[in-house]
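Chain by chain, the residues:
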Amino acid sequence: MTRWRYVGMIAAAAILFHSTPYPAYSEPAYVSVVREYVEKRIKPIIAAPIVHKAIEEQNAKFGDVSDMDVRVLDNTYRSEIQTGQWQMVKGLLGKPVSRYLKSKQDDSQGTIVEIFVADRHGLNVGQSVATTDYWQGDEDKFLKTFARGSDEVFIDRAERDEQTQLLETQASFMIRGDDGQPIGIATVTIAIDAL
């Protein structure tokens, strides 16, 4: 009798184990907070006509830009960042859309570390500060949003900035035009400690 009771307990445990769903992958705690901030604060900033107009104008300007031209532009920009000879960089930072984004960064009380938008090729259109590169098309911020046609907000792994010691993450999302067609991406670096 004891033997059958033991077998019954094993069978019940097996049924319970297989009927209980495995725990889903849980995302880091900061992800939901960052996602909410992007939805409530960043997306309205990016929805402004000044942003959409600037992206659409650059899409028209670089309509059939070649891969070679993209790399030349990116290399020129990177070279300027390294040498401090900022001609292309200054031109980009001086655009009205960049000044608009800079004002929104300044208004964020330290939460927004940088914010920029790129066109359908991944080339920067406007930026609040000088970014390290001009072309985002080979990075996850573009590949996991625009390249996939995804409306999800991609939130990268958080890292501590060596200079400021702030815990930061980047959040990126695709931007759609008035007709619903994808026109570019927005990326914001957020100081998680400031949220």
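Cut-offs used in this document
- Residues numbered from 1 in each chain as written.
- Predicted model: local features only at pLDDT ≥ 70, side-chain atom pairs only at ≥ 80, totals over all residues.
- Heavy atoms only, no water.
- Helix = DSSP H or I, 4+ residues; strand = E, 2+ residues; numbered from the N terminus.
- Buried < 20%, exposed > 50% of the residue type's maximum accessible area, 1.4 Å probe, protein only.
- Contact = heavy atoms within 4.5 Å.
- Areas by Shrake-Rupley, 256 points an atom, 1.4 Å probe, with all protein chains shown as cover.
- Expected span 1.5 Å × (residues − 1).
- Arc of directions from axis to C-beta.
- Phe/Tyr/Trp six-rings, centres within 6.5 Å; stacked < 30°, edge-to-face > 60°.
- Lys NZ or Arg CZ within 6 Å of the ring centre and 35° of its normal.
- Salt bridge = Lys/Arg side-chain N within 4 Å of Asp/Glu carboxyl O.

1. A short note on the overall build of the protein chain
Move 1: Check the secondary structure of the protein chain and you find 7 helices and 6 strands.
Move 2: Taken from N to C terminus, the helices and strands of the protein chain fall in the order α-α-α-α-α-α-β-β-α-β-β-β-β.
Move 3: Looking at the protein chain as a whole, 41% of its 195 residues are labelled buried.
Move 4: Long-range contacts, defined as pairs at least 24 residues apart, comprise 60% of the intrachain contacts of the protein chain with a sequence gap of at least 6.
Move 5: Summed over its atoms, the accessible surface of the protein chain is roughly 11,700 Å², and 54% of this surface lies on carbon and sulfur atoms.

2. Considerations on helix α4 (residues 67-83)
Move 1: For α4, spanning 17 residues, the distance from its first C-alpha to its last is 24 Å, which sits close to the expected 24 Å at 1.5 Å a residue.
Move 2: Within α4, the full set of buried residues consists of Val70, Asp74, Tyr77 and Glu80. The buried residues of α4 all sit within an arc of 125° when viewed along its axis, so they share a single face. Exposed residues on α4 whose side chains face more than 90 degrees from its buried face are Met68, Asn75 and Gln82.
Move 3: Buried residues belonging to α4 abut α5 (88-93) and β2 (124-127).
Move 4: Phi turns positive, to about 80°, at Gly84, one or two residues after α4.

3. Here we look at the packing of aromatic side chains
Move 1: Using the criterion set out here, one finds 2 aromatic pairs in the structure.
Move 2: For the ring pair Tyr77 and Tyr134, a centre distance of 5.7 Å and an interplane angle of 25° mean the geometry is stacked. With Tyr77 in helix α4 and Tyr134 in the loop between β2 and α7 (140-143), this residue pair connects regions lying 57 residues apart in the sequence. With respect to burial, Tyr77 and Tyr134 carry one shared label: buried.
Move 3: Between Phe142 and Phe146, the aromatic rings sit 5.1 Å apart at their centres with planes inclined by 25°, giving stacked as the arrangement.
Move 4: Relative accessible area serves as the criterion here: at 18%, Phe146 is assigned to the buried category.
Move 5: For Lys43, the ring lying beneath its charged end belongs to Phe173, and the centroid distance is 5.2 Å.

4. Side note on the pattern of salt bridges
Move 1: Using the criterion set out here, one finds 12 salt bridges in the structure.
Move 2: Notably, a salt bridge pairs Lys40 with Glu36, separated by 2.9 Å at the nearest N-O pair. Of this pair, Lys40 and Glu36 both sit in helix α2 (residues 29-46), 4 residues apart, roughly one helical turn.
Move 3: Owing to a relative accessible area of 56%, Lys40 belongs among the exposed residues under this scheme.
Move 4: Overlapping salt bridges, with partners in common, bring together Asp74, Arg78 and Asp133 in one network.

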